[in-house]
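A structural walkthrough
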Amino acid sequence: MSQIVPIKSATLSEDIAQQLINAIVTGDIPQGSKISEPELAKQYGISRGPLREAIVKLEGLGLVTRTANVGARVIELNLADMLDTFTMREALEGMAARLAASRMPSAGVDSLYALLDKHQAFLDANQDEHYAQQGGNDDFHLRIIQASGNQKLIRLLSHELYAVIRMYRHHTADQRSDPRQALREHKAILDAIANQEGDLAELLMRRHISRACRLLQQAMEQSTHSTQ
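Predicted model only: the values in this text are computed from it and were never measured.

1. Comments concerning empty space enclosed by the protein
Taken as a whole and assessed by the stated rule, the structure comprises two cavities of 30 Å³ or more. The volume enclosed by the second largest cavity comes to roughly 50 Å³. Forming the boundary of the second largest cavity are Arg89, Glu93, Asp139, His141, Leu142, Ile145, Leu157, Tyr162, Ile165 and Arg169. Elements with a contribution of two residues or more to the lining of the second largest cavity: helix H4 (79–103), helix H6 (140–147) and helix H8 (162–172).

Rendered as structure tokens:
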């Protein structure tokens with residue numbers, strides 16, 4: 001498992017929730033595994049109260065489910081849920097791109113071009129290894145969502161769906177090909193936003209996510225067949 005970072009912040013439950021989110025997304029805490037409060041409290045060196053608050057947050061993000069007399073478990077990814085999630089994501093992120101085209105300031109556009117240059121350099125230096133796992137400010141999609149300025153969209157995509165989407169992307173990253181195609185699509189979306197072409201930005205974003213969904217579906221189907 002990845003090295004645990006000591007937690008000393010006043011927002012203890014938030015800190016532990018973020019560490020648990022990262023551990024679930026990356027697979028350090030495997031899909032379907034039971035969440036043991038005593039074990040995690042000991043591992044992170046915290047009391048059970050903040051840990052329980054963190055687990056409640058993970059339930060709200062859809063990463064953990066709780067069953068009576070069984071307790072909390074990490075979700076198991078499945079094709080039907082992925083298709084539902086990405087259908088919703090396609091519509092909402094398309095709308096976010098349309099809004100960003102009219103609301104993103106020039107400094108934000110310049111910053112995103114710099115981010116894509118950074119991603120290009122990463123691919124050049126790492127033999128086209130996927131960069132899809134970058135989160136936070138390094139996540140191209142997240143920054144467009146935030147630039148939409150629509151708080152309901154931001155809440156849905158940056159909080160309620162974001163962790164599960166990251167989990168699907170991480171789970172199948174090694175099985176998806178041609179990260180440079182994704183980068184080309186990102187650049188085309190950003191060009192449309194920079195030119196304030198909202199219709200085009202929405203169309204390109206929806207196509208981009210639809211393509212990602214098809215690739216994820218293929219990867220998940222191949223993974224299922226290989227384990228049978």
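2. Regarding H6
Across the eight residues of H6, seven count as buried, placing the element largely inside the fold. Looking only at H6, the buried set comprises Phe140, His141, Leu142, Arg143, Ile144, Ile145 and Ala147. A side-chain oxygen of the first residue of H6 lies 2.9 Å from the backbone nitrogen of His141; this N-cap is Asp139. Residue Gly149 follows H6 closely and has a positive phi angle near 75 degrees.

3. So, the environment of Leu215
By the secondary structure assignment, Leu215 is in helix H10 (residues 198–226). By relative accessible area, Leu215 is classed as partly exposed at 21%.

4. Details of the pairing of strand S2 (residues 71–74)
Pairing of strand S1 (residues 64–67) with S2, which is carried by four bridges, proceeds in the antiparallel orientation. By the bridge assignment for S2, Thr67 is matched with Gly71. Linking two consecutive strands that pair antiparallel, namely S1 and S2, is a turn of three residues; a positive phi of about 65 degrees is found at Asn69 within it.

5. Observations concerning the nonpolar core
If you look at soluble globular proteins, the nonpolar side chains tend to sit buried side by side. Membership of the largest hydrophobic core comes to 62 residues, with the highest contact counts inside it found for Leu20 and Ile144. Sorting elements by how many residues they give to this core places H4 first, with eight residues. When residues of this core are assigned to domains, at least three map to each of domain 1 (9–74) and domain 2 (79–226). Those residues in contact with Leu20, other than ones at most four positions away along the chain, are Ile29, Leu40, Tyr44, Leu51, Ala54 and Leu58.

What counts and what doesn't
Residues numbered from 1 in each chain as written. Predicted model: local features only at pLDDT ≥ 70, side-chain atom pairs only at ≥ 80, totals over all residues. Heavy atoms only, no water. 1 Å grid on protein atoms, 1.4 Å probe; cavity = no way out; pocket = protein on both sides within 12 Å on 5 of 7 lines; lining within 4 Å. Points joined across faces, edges and corners; volume = space filled by probe spheres on them. Helix = DSSP H or I, 4+ residues; strand = E, 2+ residues; numbered from the N terminus. Buried < 20%, exposed > 50% of the residue type's maximum accessible area, 1.4 Å probe, protein only. Polar contact = N/O pair within 3.5 Å; in protein donor to acceptor, adjacent residues only side chain to side chain. Pairing = 2+ DSSP bridges. Core = buried A, V, L, I, M, F, W, Y, C linked by side-chain atoms within 4.5 Å. Domains from an automatic or database assignment. Contact = heavy atoms within 4.5 Å.

Interpretation in functional terms is not warranted from these geometric data alone.
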